[in-house]
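Structural overview
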Amino acid sequence: MSTSTSISASTTSADALGTPVPVLSFSPVVLSVPGRPVDLQVRVSAPATGTGLAVILLSHGHGPSNNLSSLNGYAPLANFWAAHGFVVVQPTHLTSRTLSHLVADAPGAPDFWRSRAEDMTHVIDRLDVIERTVPQLAGRIDHTKIALAGHSLGGFTAALLLGAGLDDPHTGKVVRLVEPRIKAGVLLAAPGRGGDAFNGPMAEQWPIIGALDFSTMTAPALVVAGDKDDSRYFTDMGPDWHADPYTLAPAPKTLLTLFGAEHGLGGIAGYDAAETTDENPQRVAALARLTAAYLHTQLHPGAPTWQVACRALTTGPAPVGRVESK
């Protein structure tokens, strides 16, 4: 059974996320990882106050900019989430253009799909180190409340960690990289199914993108798809392809379809990024609020944050999207 709700960009004073607080951002935190061609560097953004803080790991995409696809990107989301009580950890994956001159010939290039997922596991393994390294953060993290978000290729990474299988086109074997310490996730403009639908000009060059099996992605997740996100270089399915992680995965899942949104979802990868084809600060603000509310409720069972945020955002005359759940 699914439910559907319209979402608008308006808010009320009864916002369940509370009043934002100043944010402390610290980078790079450098983690040495045996076998990785370069050290793992992360940015940590955290609220200036509060304890028992939940963690959001944020996996960047693979866009055309030099720095947005790294620990330096996605400030519109990271800053909002941190201002509302989360510790946001952003690694620079080996796919980042900032590292391409160092890792072009490294094993796993150019997609580094396994390394990207392993980066998140390394971060979780070293949360105590991160907590000690970042000023004013020691003793403030709840290590049992860990969530994950990823945009585009980062959504692919998130799917793996949330339980999706991968049929490795190089070995023919099914790979499982599920991370049970991650309690919930958000997939932002993530790639969809393979098979006959994976028929665009980039499909042969990047076969790994169509290798996911969402039927085993059992962890709770919010899938965000723009209804104008038509990735013809991968598929002729149209924007519905980005809803596949919801459609093809088992419950519990929620789908947020953003009206008028293209692959940048309004500009989440960076403030005032000229490459954003659908720049819309109001859409980004609504998305930041909804994703924060979803993860807060998932990490604090019984909290009405998600329901209250949705209710507050449906009162306006200009809906930015719709929500359905199963």
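Read on for a plain summary of the structure. (Residues numbered from 1 in each chain as written. Predicted model: local features only at pLDDT ≥ 70, side-chain atom pairs only at ≥ 80, totals over all residues. Heavy atoms only, no water.)

Regarding its fold elements, the chain presents eight helices and 13 strands. A compact globule built from 326 residues would reach a C-alpha radius of gyration of about 20 Å, and the chain, at 18 Å, matches this within 12%. When the backbone C-alpha atoms are referred to their principal axes, the chain occupies close to 55 × 45 × 35 Å. Among the 326 residues that make up the chain, the fraction classed as buried is 56%. Here the analysis covers contacts within the chain between residues at least 6 apart in sequence; of these, 74% occur between residues at least 24 apart. (Helix = DSSP H or I, 4+ residues; strand = E, 2+ residues; numbered from the N terminus. Rg over C-alpha atoms; globule rule 2.2 N^0.38 Å. Buried < 20%, exposed > 50% of the residue type's maximum accessible area, 1.4 Å probe, protein only. Contact = heavy atoms within 4.5 Å.)

Attention shifts here to the layout of surface pockets. One number sums up the size of the largest pocket: a volume of about 620 Å³. By residue class, the composition of the lining of the largest pocket is 15 nonpolar, 14 polar and three charged. Considered as a void within the structure, the second largest pocket measures approximately 360 Å³ in volume. Lining the second largest pocket are 20 residues, and of these Pro107, Gly108, Phe112, Arg114 and Ser115 lie nearest its centre. Along the lines of polarity and charge, the residues of the lining of the second largest pocket split into nine nonpolar, five polar and six charged. (1 Å grid on protein atoms, 1.4 Å probe; cavity = no way out; pocket = protein on both sides within 12 Å on 5 of 7 lines; lining within 4 Å. Points joined across faces, edges and corners; volume = space filled by probe spheres on them. Nonpolar A, V, L, I, M, F, W, Y, C, P; charged D, E, K, R; others polar.)

The next subject is helix H5 (residues 153–161). Of all nine residues that make up H5, nine are buried, and the element is covered over most of its length. Residues of H5 that are buried: Leu153, Gly154, Gly155, Phe156, Thr157, Ala158, Ala159, Leu160 and Leu161. Looking at the packing, one finds that the buried side of H5 touches strand E4 (53–59), helix H3 (113–125), strand E6 (141–151), strand E7 (165–167), strand E9 (184–188) and strand E10 (212–213). Positive backbone phi, at 125°, marks Gly163, one or two positions downstream of H5.

Interaxial distance between helix H1 (residues 75–83) and helix H7 (residues 281–299) falls to 10 Å at its minimum, and their mutual angle equals 45°. Comparing their axes, H7 and H1 come out oblique. Regarding H1 and H7, the two cross each other, and that crossing is right-handed. For the pair H1 and H7, contact is made by Pro76, Leu77, Phe80 and Trp81 and by Val284, Ala288, Arg289, Thr291 and Ala292, respectively. Here the residues of the contact of H1 with H7 sort into seven nonpolar, one polar and one charged. (Axes fitted to C-alpha atoms, helices over the stretch in contact; angles between N-to-C directions. Parallel < 35°, antiparallel > 145°, perpendicular 65-115°, else oblique. Left-handed = near helix turned anticlockwise from the far one by under 90°.)

Attention now goes to the sheet that holds E7. The three strands are arranged E8-E7-E10 in an open sheet whose pairing can be described as antiparallel. At either end of the open sheet lies a strand with only one pairing partner, and these are strand E8 (174–176) and E10. The pairing of E7 with E10 spans two bridges and is classified as antiparallel. Its bridge partner being in E10, Leu166 is matched across the sheet by Leu212. (Pairing = 2+ DSSP bridges.)

Before going further, it helps to spend a moment on the pattern of salt bridges. Using the criterion set out here, one finds eight salt bridges in the structure. Between Asp125 and Arg181 there is a salt bridge, with the nearest N and O atoms lying 2.7 Å from each other. Of the two residues, Asp125 sits in helix H3 while Arg181 sits in the loop between E8 and E9, which places them 56 residues apart along the sequence. Overall, Asp125 belongs to the partly exposed group, its relative accessible area being 40%. Overall, Arg181 belongs to the partly exposed group, its relative accessible area being 31%. Members of the salt-bridge network, linked through shared partners, are Asp125, Glu179 and Arg181. (Salt bridge = Lys/Arg side-chain N within 4 Å of Asp/Glu carboxyl O.)

Such coordinate-based values are descriptive only and should not be taken to indicate function.
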